[in-house]
Amino acid sequence: RSSKLASAVVRSSTGPMAKHHFLVVGSNAREHAIARKLKESELCATLSCFAATNNPGIKAECDHFTVGDILDGAAVAKFAREVNATIAVVGPEGPLEAGVADALWAIGVKCVGPKQHLAQLESSKAFTRDLLIKNGIGACPKYKVATSLDECRRFFAALPPLGYVVKADGLCGGKGVKVGGEHLLTDDESLAFCAELLAAGGDSPRVVLEEKLIGQEFSLMSFCDGEACAHIPPIQDHKRAHEGDKGPNTGGMGTYSGANRTLPFLAHADIAHAQAINEAVGRALRRTCGEPYKGILYGGFMATARGVYVIEYNARLGDPEAMNALALLDSDFGAICEGIADGSLATVDVRFSNLASCCVYAVPDGYPAAGVKGAPIDLSALTPEQHRTLYFASVDERVGGELVTCGSRAIGSCVCAPTLDEASALATAPLAAMKG
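(A) Here's a closer look at the nonpolar core. If you look at the biggest cluster of nonpolar residues, it comprises 49 residues, and the most contacted ones within it are L23, L104, F218, V281, L285 and F301. Of all hydrophobic cores here, the second largest spans 47 residues; its members include V24, A51, L326 and L345.

(B) Quick look at the state of the cysteines. Here the structure, examined in full by the defined rule, presents zero disulfides. C337 takes part in no disulfide bond, and the closest cysteine sulfur to it belongs to C111, at a distance of 10.0 Å. We classify C337 as buried; its relative accessible area is 0%. Distance from the sulfur of C358, which forms no disulfide, to the nearest cysteine sulfur (C359) is 7.2 Å.

(C) Spatial organisation of the pattern of salt bridges. Enumeration over the complete set of coordinates arrives at 20 salt bridges. Taking the shortest distance from any N to any O, the salt bridge between E61 and R36 comes out at 3.5 Å. One end of the pair, E61, is in helix α2 (residues 56-61); the other, R36, is in helix α1 (residues 29-39), with 25 residues separating them in the sequence. Judged by its relative accessible area of 14%, E61 falls in the buried class. Each of K37, E40 and R388 takes part in one network of salt bridges that share partners.

(D) Seen up close, the sheet that holds strand β7 (residues 143-146). Overall, antiparallel pairing links the four strands, which are arranged β7-β10-β8-β9 in an open sheet. With partners counted over all chains shown, the strands left at the sheet margins are β7 and β9 (177-179), one partner each. Strand-to-strand twist across the sheet, computed as the mean angle between neighbouring axes with direction ignored, equals 20°. Pairing geometry for strand β8 (residues 164-168) and strand β10 (residues 207-211), over five bridges, is antiparallel. Residue pairing across strands places V166 opposite L209, the latter belonging to β10. This element, helix α8 (residues 149-157), spans β7, β8 and β10 of the sheet and lies at about 5° to β10. Contacts from helix α9 (residues 187-200) reach β7, β8, β9 and β10 within the one sheet, and its direction differs from that of β8 by about 20°.

Criteria and thresholds
- Residues numbered from 1 in each chain as written.
- Predicted model: local features only at pLDDT ≥ 70, side-chain atom pairs only at ≥ 80, totals over all residues.
- Heavy atoms only, no water.
- Core = buried A, V, L, I, M, F, W, Y, C linked by side-chain atoms within 4.5 Å.
- Buried < 20%, exposed > 50% of the residue type's maximum accessible area, 1.4 Å probe, protein only.
- Disulfide = S-S within 2.5 Å.
- Salt bridge = Lys/Arg side-chain N within 4 Å of Asp/Glu carboxyl O.
- Helix = DSSP H or I, 4+ residues; strand = E, 2+ residues; numbered from the N terminus.
- Pairing = 2+ DSSP bridges.
- Axes fitted to C-alpha atoms, helices over the stretch in contact; angles between N-to-C directions.
- Contact = heavy atoms within 4.5 Å.

Coordinates in, geometry out; function isn't part of it.
What follows is the structure, given as structure tokens:
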């Protein structure tokens, strides 16, 4: 087949559809959204989950559910055999970095989620910056992969005061980035953070330093089978913990997308440019790693006065972005997963609603530094319609059915509506009705 990566052509399937035994790996709100959408699929014979925690929302969707170490590829593969899984969808980044997709493919279970060396797209920011430059994709700010504090000092000195961003090279759950002038108020404070990241690198110390860009961030995710891409509408994530875009970074407090598959601050040319970058990254990964990238390409972009730039890449659906994306999806998600795994995505009908969407998280007191654990969550005042908007994340269910917090983001509420104001009001209403 041609290695050319292009936007997926929408076609109708004509043959009989085979049923699949789907397996979800992970147990946060993103995986709850994945499980719910797979359960709705015409291709779903059974649904199973290998979870890290006892998520009651996912458990209720599944025919088979177990809790274990999601980073243990052998354990996941063993469970996959037990439930006769045919296609697995890996939700979080940790199992991808740990090679869980490799372990599943090795026993004949197809996987939506890249193999370990392809997942470096997220697990190493240095790998991704170098991939963009070496393959002529560009869209990068000035950057430096530094291995010493002297290199950090020189990079800072070459930019305007505090005109930089300091990033951990590896996975940090969305919390390994600090911005000069916001989180870092002096060069000495910045160097101390660099020293902390370098020390954490052990025998291979490195930290990624980048020019600070001014603009609006947005996420553009694409389903990818290694050749074709089917693009999800752009979504904006809000990471700061407090109102008014204040406070520390989190994994994401909420997300929204505008009506007509756009965002208020984006031109159509910006969206097209981001889509083209995702397609080029898919081609570059195949050239660099020698095999196709099967999963989700999640480009984190910034629209600036100078054009669209890449902020980062992730190798899976975002959280909370997955809730927006799957709520907007008007096509059979199981068929899309089959197309990704089989390399036939270009033949799959991939459509999204023109509605706006809004997702908001409820979090425990003290989050993100030290979220309260064991606090009760009472959903009795919610209507059945409001219950359907909820996606459980860091929540446990005690004997008797009582829900309690586990310290991190607890429950997301996501709603689609004709306007963003309507979607926001409908998404926040269930959270206001919660007690605890």
